[in-house]
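Overview (structure and organization)
Below, each chain spelled out in residue letters.
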Amino acid sequence: MKRSLARNLCRSLLCAAALVAAPFATADEAAMPVAIHGEMVYPVSGAPIPGGLVLVRDGTITYVGPAEDMVYTMDYRIVRAKVVVPGLIDARDTVGLSGLLNQPHDQDMLEKSAPMQPELRAIDAYNPRDPLVAYVRSYGITTVHTGHAPGMLVSGQTMVVKTLGGTADGDTLKPAAMTAVSLGSAGTTDQAGKSPGTRSKAMAMLRAELLKAQEYARKLALPDETKRPARDLRMETMLRALDGTQPLLITAHRQQDIMSALRLAAEFNLSLVLDGCSDAPLVLDEIKAAGFPVVLHPTMARSFGDLENLSMETAAKLRTAGVPFAIQSGYESYVPKTRVVLFEAGVAAGKGLGFEAALAAVTLNAARIIGVDDRVGSLEVGKDADLALYDGDPFEYTTRCLAVFINGREFPGERHEP
Amino acid sequence: MLPRITLGLLLAASAALQAQESPVAFIGATIIPITGEPIENGLLLVQHGKVTAVGDARSVRLAADVQIVDVTGKVIMPGLVDSHSHVGGVQGADGSNPIQPDARALDSLDARDPRLQKARAGGITAVNVMPGSGHLISGQTLYLKLRASRVVDNLLIKLPDGSPAGGLKMANGTNPMRPTPNFPGTRAKSAALVRDQFIKAQEYRAKRDRAQGDPDKLPARDLGLEQLVEVLEGKRVVQHHTHRQDDILTVLRLAREFGFKVVLHHVSDAWQVADEIAAADAACSIIIVDSPGGKLETRDISFANGAVLEKAGVTVGFHTDDGVTASRHFLRSAGLGVRAGMSRAGALKALTLANAEMLGLADRIGSLESGKDADFIILSGDPLSVYTKVEQTWVEGQKVFDFADPQDRLYALGGPGAGDAQRVQLCCYGSAWDLIIAANQGGAQ
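Just so you know, these numbers come straight off a predicted model, no measurement behind them.

Describing the overall build of chain A
Along chain A, the regular secondary structure elements total 11 helices and 17 strands. The C-alpha radius of gyration computed for chain A amounts to 22 Å, which stays within 12% of the reference 22 Å derived for 418 residues, consistent with globular compactness. With respect to the three principal axes, the spread of C-alpha positions in chain A is 70 × 50 × 45 Å. Classification of the 418 residues of chain A by burial places 55% in the buried group.

Notes on the overall build of chain B
Of the regular secondary structure elements, chain B holds 12 helices and 18 strands. Since a compact globule built from 445 residues should have a radius of gyration of about 22 Å, the 23 Å found for chain B is in line with a globular shape. Principal-axis analysis of the C-alpha atoms gives chain B an extent of 65 × 65 × 55 Å. Here the contacts in chain B between residues at least 6 apart in sequence split such that 68% fall between residues at least 24 apart.

Overview of the sheet that holds strand S5 (residues 88–93) of chain A
All names here are of chain A. The strand order across the open sheet built from four strands is S5-S6-S8-S9, with neighbouring strands paired in mixed fashion. Every interior strand has two partners, whereas the edge strands, S5 and strand S9 (172–174), have only one. If you compare each strand with its neighbour and ignore which way they point, the axes differ by 25 degrees on average.

Regarding the interface of chain A and chain B
With 38 residues of chain A at the contact, the number on the chain B side is 36 residues. Only helix H2 (131–137) and helix H9 (341–353) of chain A provide two or more residues apiece to the side of chain A that touches chain B. Element by element, the count of residues in the side of chain A that touches chain B is highest for H9(A), at six residues. For the side of chain A that touches chain B, the residue count by class is 19 nonpolar, nine polar and 10 charged.

A look at the sheet that holds strand S12 (residues 238–242) of chain B
All names here are of chain B. The six strands are arranged S9-S11-S12-S13-S14-S15 in an open sheet whose pairing can be described as mixed. Two strands bound the open sheet, and with one partner strand each, they are strand S9 (137–140) and strand S15 (316–319). In this sheet, neighbouring strand axes are inclined to one another by 25 degrees on average, regardless of whether the strands run parallel or antiparallel. Pairing geometry for strand S13 (residues 262–266) and strand S14 (residues 283–287), over four bridges, is parallel. Looking at S14, one finds that His266 is bridged to Ile286.

Notes on the packing of helix H4 (residues 199–220) of chain A against helix H5 (residues 233–242) of chain A
Residue and element names in this part refer to chain A. Relative to each other, H4 and H5 sit at 95 degrees, their axes nearing to 9 Å. The pairing of H4 with H5 is recorded here as roughly perpendicular in orientation. Only Met235, Met238, Leu239 and Leu242 of H5 make contact with H4, whose side of the interface consists of Glu209, Leu210, Lys212, Ala213, Gln214, Tyr216 and Ala217. Considered class by class, the residues forming the contact of H4 with H5 number eight nonpolar, one polar and two charged.

What to know about helix H4 (residues 223–232) of chain B
Since the α-helix turns once every 3.6 residues, residues separated by three or four places project in the same direction. Residues and elements named next belong to chain B. Here H4 lies mainly inside the structure; seven of its 10 residues are buried. Residues Gly224, Leu225, Gln227, Leu228, Val229, Glu230 and Val231 constitute the buried set of H4. Buried residues in H4 make contact with S9, strand S11 (168–171), helix H3 (187–211) and S12.

Description of the environment of B:Asp246
If you trace the backbone, B:Asp246 turns up in helix H5 (residues 245–258). On a C-alpha basis, the gap between B:Asp246 and B:Asn172 in space is 10 Å, while along the polypeptide they are 74 residues apart.

Things to note about the packing of H4(A) against helix H6 (residues 255–268) of chain A
All names here are of chain A. Closest axis-to-axis distance for the H4/H6 pair is 11 Å, and the angle between their directions is 20 degrees. For the element pair H4 / H6, the angle class is roughly parallel. Viewed along their axes, H4 and H6 form a crossing whose handedness is right-handed. Between H4 and H6, the contacting residues are Arg199, Met203, Leu206, Arg207 and Leu210 on the first element and Asp257, Ser260, Leu264 and Phe268 on the second. A per-class count over the contact of H4 with H6 returns five nonpolar, one polar and three charged.

Overview of H4(A)
Residue and element names in this part refer to chain A. Taking 1.5 Å of rise per residue, the 22 residues of H4 would be expected to cover 32 Å, and the 32 Å separating its terminal C-alpha atoms lies within 8% of that figure. Among the residues of H4, Ala202, Leu206, Glu209 and Ala213 are the ones counted as buried. Looking straight down H4, one finds that the buried residues subtend no more than 60 degrees of arc, so they occupy a single side. Along H4, the residues that are exposed and aim more than 90 degrees away from the buried face are Ser200, Ala208, Glu215, Arg218 and Lys219. Against strand S10 (179–182), H5 and H6 lie the buried residues of H4.

A word on the pairing of strand S10 (residues 142–145) of chain B
Residue and element names in this part refer to chain B. Because side chains alternate across S10, one face comprises the buried residues Leu142 and Leu144, and the other comprises Tyr143 and Lys145, equally buried. With four bridges connecting them, strand S8 (residues 124–129) and S10 associate as antiparallel partners. What sits directly across from Asn128, in S10, is Tyr143.

Structural notes on unusual backbone geometry
For the bond running from A:Ser195 to A:Pro196, omega is -5 degrees, close enough to zero to count as cis. Within the fold, A:Pro196 resides in the loop between S10 and H4. Following B:Asp322, the chain continues into B:Gly323 via a peptide bond in cis, with omega recorded as 5 degrees. Inspection of the secondary structure assignment puts B:Gly323 in the loop between S15 and helix H8 (330–339).

Structural notes on the domain arrangement of chain A
Residues and elements named next belong to chain A. Parsing chain A into structural domains produces domain 1 (9–86 + 380–412) and domain 2 (88–369). With centres defined by C-alpha atoms, the gap from domain 1 to domain 2 works out at 32 Å. Facing the 15 residues of domain 1 at the interface are 20 residues of domain 2. The set of elements that each furnish at least two residues to the side of domain 1 that touches domain 2 consists of strand S4 (77–86), strand S16 (401–406) and strand S17 (409–412). Residue composition of the side of domain 1 that touches domain 2, grouped by class: 12 nonpolar, one polar and two charged.

Examining the confidence of the model for chain B
All names here are of chain B. Of all residues in chain B, 90% have pLDDT values of 70 or greater, and the mean over the chain is 92. Within the model, pLDDT remains below 50 along residues 1–20, and this stretch shows 37 contacts once partners closer than five positions in the same chain are excluded. Predicted complex metrics record ipTM = 0.92 and pTM = 0.92.

Things to note about the environment of A:Ser138
Residue and element names in this part refer to chain A. By the secondary structure assignment, Ser138 is in the loop between H2 and strand S6 (141–146). Accessibility expressed as a C-beta count within 10 Å gives 21 for Ser138, which makes it buried. Distance in space between the C-alpha atoms of Ser138 and Leu164 is 11 Å, their sequence separation being 26 residues. Residue contacts for Ser138: discarding those within four places in its chain leaves Cys401, Val404, Pro412, Gly413, Glu414 and Arg415.

Examining the confidence of the model for chain A
Mean pLDDT for chain A: 93, with 93% of residues reaching 70 or above. Every residue in residues 1–23 of chain A scores below 50 in pLDDT, and together they form 36 contacts with partners more than four places removed in sequence or on other chains.

With respect to the pairing of S11(B)
Residue and element names in this part refer to chain B. A two-sided burial pattern is seen for S11, the buried positions comprising Leu168 and Met170 on one face and Lys169 and Ala171 on the other. Two elements, S9 and S11, share three bridges in a ladder whose sense is antiparallel. Residue pairing in the sheet places Gln140 in a bridge with Leu168 of S11. Two strands pair when backbone bridges link them, and S11 and S12 are joined in this way by four bridges, in the parallel orientation. In the strand pairing of S12, Ala171 is matched with His241.

Here we look at the nonpolar core
As a rule of thumb, soluble globular proteins bury nonpolar side chains together. Residues A:Val54, A:Leu274, A:Ala361, A:Val362, B:Leu44 and B:Cys284 are the most contacted members of the largest nonpolar core, which totals 252 residues. In terms of residue count, H9(A) provides more of this core than any other element does, eight residues in total. When we break this core down by domain, the ones giving at least three residues each are domain 1 (9–86 + 380–412) and domain 2 (88–369) of chain A. In contact with A:Val362, not counting residues within four places along its chain, are A:Leu88, A:Ile89, A:Ala326, A:Ile327, A:Val341, A:Leu342 and A:Ala345.

What counts and what doesn't
- Residues numbered from 1 in each chain as written.
- Chains lettered and ligands numbered in written order.
- Predicted model: local features only at pLDDT ≥ 70, side-chain atom pairs only at ≥ 80, totals over all residues.
- Helix = DSSP H or I, 4+ residues; strand = E, 2+ residues; numbered from the N terminus.
- Rg over C-alpha atoms; globule rule 2.2 N^0.38 Å.
- Buried ≥ 20, exposed ≤ 12 C-beta atoms within 10 Å, placed from the backbone.
- Contact = placed C-beta atoms within 7 Å.
- Pairing = 2+ DSSP bridges.
- Axes fitted to C-alpha atoms, helices over the stretch in contact; angles between N-to-C directions.
- Nonpolar A, V, L, I, M, F, W, Y, C, P; charged D, E, K, R; others polar.
- Parallel < 35°, antiparallel > 145°, perpendicular 65-115°, else oblique.
- Left-handed = near helix turned anticlockwise from the far one by under 90°.
- Expected span 1.5 Å × (residues − 1).
- Arc of directions from axis to C-beta.
- Domains from an automatic or database assignment.
- pLDDT = per-residue confidence, 0-100.
- Core = buried A, V, L, I, M, F, W, Y, C linked by C-beta atoms within 7 Å.

As structure tokens, then:
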């Protein structure tokens, strides 16, 4: 069905070159509506579209479908690529907090002064101008769920932010997404005389904290205002875990730690997001029965310590079991200073997950788990115009990301030429 | 292009060796010999641990005793050579001194480390295992073949004089600069300490030469200086960790002053000084890490290092630096190299022959040519594709990894037990602990 106004005369003049380039669209171009043609367009929410077209106006997607079914007006700027996918979403990283230089001044991902500090907010630390934000964006990552790293029992609150490189407040989709908890080795300081030093102690402290929050809630509800407690940022955060408005993101790799997380959830009726989960294949039934989604460790994570049992096939196993999951790039303390979730999903794709499921794990499924699927994660009319353009299968090592769109604004893809 | 194999050659080869071991022909794969163009529907003939023929399968008729393995649809390329790895938990110098050429990787390596089997799973058949980079000279590196043995002495590559092949690990930049006694605090001091040591080695060598074998005049044996003399004489290659462009040039300056052969390792800023590296005729063993930074010296590292060095005419290879990157993902380095502009042939050479050259072993490994060691891998497809897997790894004609084997599959992909050394298969018990528990309960057989 042809819907249209005027035949676009420009179309026949366009060269067939893979794409595009000026690094940044000019101010005029940024305001222009964009017609993005893909030899293959993957909306993720629906079947792949050969010869697909995505129309973008005012930062929003206005059409997704076969190019032959749509004629657009001459004011559209035209961009072409072999493959067009939704902007990728990294379901868990520390970008913007753990800066590229790895010097004290750019490392804000872990406050070590106390084991439990739920009051810490990622948004108060996120640096949108850290070079790694632009770096991951250049590979097609347009949204990250970032924040405090695993490494303390309760390390802080995460945020969901677009990789626009503007301001923390302006770029943010969700200023307080989840509260990060680490079980197992990552959550025990392992220093003499400091708690928690064991798994048991960590769980005891966590339970005590939640009990305190329950008590705080009870007092807040007292009819006599004078008897209500003073505001307590820490308790307020734990309260949001109890009422489900801000779930706990529990990093657990060993199967006993995963089970501890599930036990905790059952005791306090919590909704969780499980993070890491190297041993997930050992307790797949239990995870499935609990119904919590998994933000899986990077496929190429180093298999040491609590991650010793990790498998590159776990993503495929989660898929088979029907457990909702996304893939993350995680946290790196040294080199590389960040992983790229595109690469991690690629290896999962090659190790049994397959192309489309891997793509969903870094787009729509990730968006659902971090609660932003009303805005991003798929190419659908009305959603934000966040797209990544590639010159081939995005997961192939030799493919390049050509350009990235966030809210309809174009950013350059990866560049390697010095 | 490779010459076509004649029937006569095959018959001669097989007849002569028949008595001991019959030849095996891998037929039908695309063979990437590295030294020539890929061969569709190829033939790889192996006997006594050596490649005896490589060519087009259609052009030969095989002798009756040749065992045929149909590998139609697969890709065969030389076993990968990793020019910089730490598998086996290898060690070298301790914290007492920044210069310890006497320390040998050989005396520290755990050949049962599961990371060795993971390296085989990644297609690696030869590897330079190195002490760390926290010293100016951290010891003697070791070139290994990942044969099926779990004993380090059986993995050695022997030089004609019987000694194990290896290089000398050196480092500059921030890693060896430490606030501990005896260690340098600046780059200039680092270089001065190294120059001092090489001058000592020159004097040691002069004394030794003057003695003309007279035991009364020979200097007392010095394990460290002996190694540096080997370096001065070109018998041992310096494998030099270096990142920043100025540090790279310092290495080249010292190599020029003392006339030693050097391979530059990591070389994060290589793209900035590629012409200087080319002029010095130094080879580069580079790493691909997924993002820049993590340490100040690697803030400018680029995927394009391979492409820039290739264009400048430098011999360039990839390494894993395992565990910085995992051996199981080694093929990926070449894919990312091509992504950033390297030629396909250059990237595949950078996993194989280029590294063999850096280890001085190019006459034995790194390509599939008649007379070379039968170190090769069988892949499910294009070596540069994320969807390709290593199906088998062969060292000197012996299969050392097979994805079809459940235990090997575990090392390839991971899972419970992949972090353990390979254990004796217990017939009726899941693990040694079950056996102990059963024994305590009086149930052991």
